[in-house]
Structure formats: C-alpha cells, structure tokens
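Overview (structure and organization)
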Amino acid sequence: MCSVAWQLGICAVGGYDLIQSYRAACKGPAGEGVLKAVCRLQDLGLNVILVTGASGTDDAFQSVGHDPSVDRNRFLRIASQNDDRLGVVHVAEEYCCPFALSDNVDSAATWTLPLHQRDWARRVRNDLQVRFTFDASGIIEFLWPSPLARHLGQSGNESAGVPSWLPDEVRFGAEVRTDQQPDACVVVVHRGAREEHLLCVMCDDPTAGLLRSAKTRAAQVAGLGSSGLHEIDGADEALSVALKNMTGRWTSTPFMVVTVPEGRHAGVRAVGVGSNLKKRRRAANLALAVTTVAHSEASLSSIIGPESEHVRKELVDFAHSALEAQRGLT
C-alpha cells in the first residue's frame, strides 16, 4: 500500500487503452494516439510511465519510445501481464502517482487486482485518476482531478483553458510590501506547454510578522498530516529562469519550492526566498498558507490560536494585497 506522499509529477497511462480510444475516435494508426498522449503529458511537465499489456502492438510501443519528440529522460515503459488498464492501477499504486484511464476505475475488471490495490484505487480515484478522450481529429483532452489540476495550474477540464488561482488579467511581476510584512510577488514559470503561477515570499527576518508563525499557519490552513510539506531547495531550473527575469533581490536570492503532498489541498505549491534555509522555509510556509486560501477561497476559519482573529485578518490582508498588486490596482 502506498505510504508516501503523492508523486504528482508522474502520470501512468495504458498503451492499449490509448490505442482503443484513438481508433474509436478517428481510426488512426495504432501508435499515433499513444505518441500524442505521451507528448502532451510531457509538454505539461509530467514524467510519463507507459504501461503496456499483451495487445500485439509491441512495435507501436517501441516506436513511441524512440520517437525524437519524446523526452526519454522523462519516459518509462513497463510491461504488464494483464489488461494494461489494470496494469496502470498496479503501477500507479507502486509509484503513488496519478493514472490516466478512458473510463472510471470501477469500469475495469478490478476483481483481478489484489485486494489492497483495489481498495487503493477506489480510495484515491477522485484525487489521482485522470480521464482522457480523443476527438474526431485525434486531439486528446484530459479531465484532471483537483490535486493534479492545482499542481499543473489547469482547470479540471483542460479544454477550459489554463486558469490558475489568479485571474487571467493578472499583471505578473509586480511586487507588494505590506506594513511590517515581507515582500511578495507572483511569477509565471514556463514548463513546456503550460504556465505555472507561483506566489513567492521573501524572508529577511524569520521572527517578523506572519513569518514568525508561518509553519503553524500553513499546517492549519492546508490540513497537513505527519508527512508535512514536500520541499525542493533550489533544484528547479524553470523557476530559477523566471526569478532571474524579475528585478532586485528576486534574481539572485536562493529559493525553495514547497508542495502539499496529500489531502484536500494536495498539489498546492508556493515558493520561499531567503539567504538561508530557515528563512526560505519560513517564507515558503507563509506563501503556501496564502496560496491555499486563494485556491480554496476559504473563510480562514481553520486558522486558530490565541490571537486567531488578529492573525486571520493579517493573513487575509496579506493575501489580498498580493493579489491586488498583481492586478496593478494597488
């Protein structure tokens, strides 16, 4: 049973399921639909696991793996002994990652899965199952579960565009500084065919204002469990490029990316910027708390503590100031 945080940067998909769906929609060559799906998922920044069963189309799958449009460093093929839709569930449970199917997981013959995998699939289907369809012209469309949609900066239905927790008219790159609170900005990070909008908070003094209790606030707002936040300290080339296109200290100060790994707010991400690890972590926790509020449009009633009303107002004001600054209204 999966006991680690969800790996939202990976997606498992069944090769034969793709072929059947593609042929039903536009009667194209066997490997064409598979190639389109793999390339589309990689364009969105995902690592792809292609699960193949005994479908008699091995040559088609081999050609996908060797196609120059596929990034081999972000592609893995795994052979399954059974229907590859069930193989997808098996692989997804092992990797604790999203999985793409043309039908709901219950529509597959799940009785052939081991009991723990069957239970896992039913438990996470609303959070990790991606639905896909091909139209008559062979274009693939995905229906994202909420955690993955937040991670990718997509709406639930890909055809609806690429809205994020900020509106389309947002003027990115503006900075905001509220009284006695840290600098904040929103950057657009280009990841292949998608754009990710990330709130960044700068920490100079980890004991100042909201930064002092940032870890507690992030845990309360995001409903973090024992696994806490997933942290990546600096190893994000696309974000590094985006920050270098900013001005001032944003261009050179080290950063950390944090992600909510599981639960109702899984996939929410934010960035902390600071000269040392403690500062980056405090800033990232504050940015995460604000981003979670913006995603969920929560009333912040979950923020509790001796000074709850004061902190609640401060966090709301900080969130609103950051958002308004991006709109160019402050």
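Fair warning: this is a prediction, and the values are worked out from it, not measured in the lab. (Residues numbered from 1 in each chain as written. Predicted model: local features only at pLDDT ≥ 70, side-chain atom pairs only at ≥ 80, totals over all residues. Heavy atoms only, no water.)

**Section: the pattern of salt bridges**
Enumeration over the complete set of coordinates arrives at five salt bridges. Here Glu231 and Arg281 are joined by a salt bridge, their closest N and O atoms 2.8 Å apart. With a gap of 50 residues between them, Glu231 in strand β10 (residues 230–232) and Arg281 in helix α9 (residues 277–296) connect regions that are remote in the sequence. On the basis of relative accessibility, which here comes to 34%, the residue Glu231 falls in the partly exposed class. The salt bridge partner of Asp233 is Arg280, with a shortest N-O separation of 2.9 Å. A residue pair is termed long-range when its members are at least 10 positions apart, and Asp233 in the loop between β10 and α8 (237–244) and Arg280 in helix α9 qualify at 47 residues. (Salt bridge = Lys/Arg side-chain N within 4 Å of Asp/Glu carboxyl O. Helix = DSSP H or I, 4+ residues; strand = E, 2+ residues; numbered from the N terminus. Buried < 20%, exposed > 50% of the residue type's maximum accessible area, 1.4 Å probe, protein only.)

**Things to note about the environment of Val48**
Position of Val48 among the secondary structure elements: in strand β2 (residues 47–52). Linking Val48 and Ala37, residues eleven residues apart in sequence, is a C-alpha distance of 9.5 Å. Dropping the residues within four chain positions of it, Val48 is found in contact with Cys11, Val13, Val38, Leu41, Gln42, Arg74, Phe75 and Leu76. (Contact = heavy atoms within 4.5 Å.)

**Observations regarding unusual backbone geometry**
Phi is positive for Cys96, which is not a glycine, with a value near 55°. When you line up the elements, Cys96 lands in the loop between α4 (84–95) and β4 (99–101).

**Observations concerning the sheet that holds β2**
Taken in spatial order, the six strands make up an open sheet running β3-β2-β1-β4-β5-β6, and their pairing is mixed. Strands with a single pairing partner mark the edges of an open sheet, and in this sheet they are β3 (75–79) and β6 (140–143). Direction aside, the axes of adjacent strands within the sheet are offset by 30° on average. Here β2 pairs with β3 via five bridges, running parallel. (Pairing = 2+ DSSP bridges. Axes fitted to C-alpha atoms, helices over the stretch in contact; angles between N-to-C directions.)

**A short note on the confidence of the model for the protein chain**
Residues at a pLDDT of 70 or more form 72% of the protein chain, whose mean pLDDT is 75. Mean pLDDT values over the elements of the protein chain span from 39, in strand β7 (residues 175–177), up to 92, in strand β1 (residues 10–14). Segment residues 158–180: pLDDT under 50, and 63 contacts once partners within four positions in sequence are set aside and those in other chains are kept. Per-residue pLDDT stays below 50 along residues 297–309; that stretch engages in 19 contacts with residues further than four places along the chain or on separate chains. (pLDDT = per-residue confidence, 0-100.)

**Notes on α8**
Taken as a whole, α8 has its buried residues at Leu239, Ser240, Ala242 and Leu243. Down the axis of α8, the sector holding all buried residues measures 160°, keeping them to one side. Across from the buried face of α8, at angles greater than 90 degrees, the exposed residues are Glu237 and Lys244. Against β8 (183–191), β9 (194–202), β11 (255–259) and β12 (269–273) lie the buried residues of α8. Structurally, the start of α8 carries an N-cap: the backbone nitrogen of Ala238 is 3.3 Å from a side-chain oxygen of Asp236. (Arc of directions from axis to C-beta. Polar contact = N/O pair within 3.5 Å; in protein donor to acceptor, adjacent residues only side chain to side chain.)

**Description of the nonpolar core**
Core analysis: the largest hydrophobic core is formed by 50 residues, its most contacted members being Val13, Leu18, Val34, Leu41, Phe99, Phe132 and Trp144. In terms of nonpolar packing, the next biggest core, distinct from the first, is built from 23 residues, Leu199, Ala214, Val258 and Ala284 among them. (Core = buried A, V, L, I, M, F, W, Y, C linked by side-chain atoms within 4.5 Å.)

**Some words on the packing of aromatic side chains**
A complete count under the given rule lists four aromatic pairs for this structure. Pairing Phe99 with Trp120 gives two aromatic rings, centres 5.9 Å apart and planes at 40°, and the pair type is tilted. Taken together, the residues Phe99 in strand β4 and Trp120 in helix α5 (residues 115–128) connect sequence positions 21 residues apart. Residue classification places Phe99 among the buried positions, given a relative accessible area of 0%. For Trp120, a relative accessible area of 2% translates into the label buried. Taken together, the ring pairs connect Tyr22, Phe132 and Phe134 into an aromatic cluster. (Phe/Tyr/Trp six-rings, centres within 6.5 Å; stacked < 30°, edge-to-face > 60°.)

**Section: the side chain of Arg280**
Residue Arg280 is classed as buried on the basis of its relative accessible area of 9%. There is a polar contact of 3.1 Å between the side chain of Arg280 and the backbone oxygen of Gly274. Setting aside residues up to four positions removed in sequence, Arg280 forms contacts with Asp233, Pro254, Phe255, Met256, Gly272, Val273, Gly274 and Ser275.

**Observations concerning the packing of helix α1 (residues 15–26) against helix α2 (residues 30–43)**
Running from N to C, α1 and α2 cross one another at 110°; their axes reach a closest spacing of 8 Å. Taken together, the axes of α1 and α2 are roughly perpendicular relative to one another. Considering the relative orientation of α1 and α2, their crossing is right-handed. Here Gly15, Leu18, Ile19, Tyr22 and Arg23 of α1 lie close against α2, whose contacting residues are Ala30, Glu32, Gly33, Val34, Lys36 and Ala37. Looking at the contact of α1 with α2 residue by residue, the class counts come to six nonpolar, two polar and three charged. (Parallel < 35°, antiparallel > 145°, perpendicular 65-115°, else oblique. Left-handed = near helix turned anticlockwise from the far one by under 90°. Nonpolar A, V, L, I, M, F, W, Y, C, P; charged D, E, K, R; others polar.)

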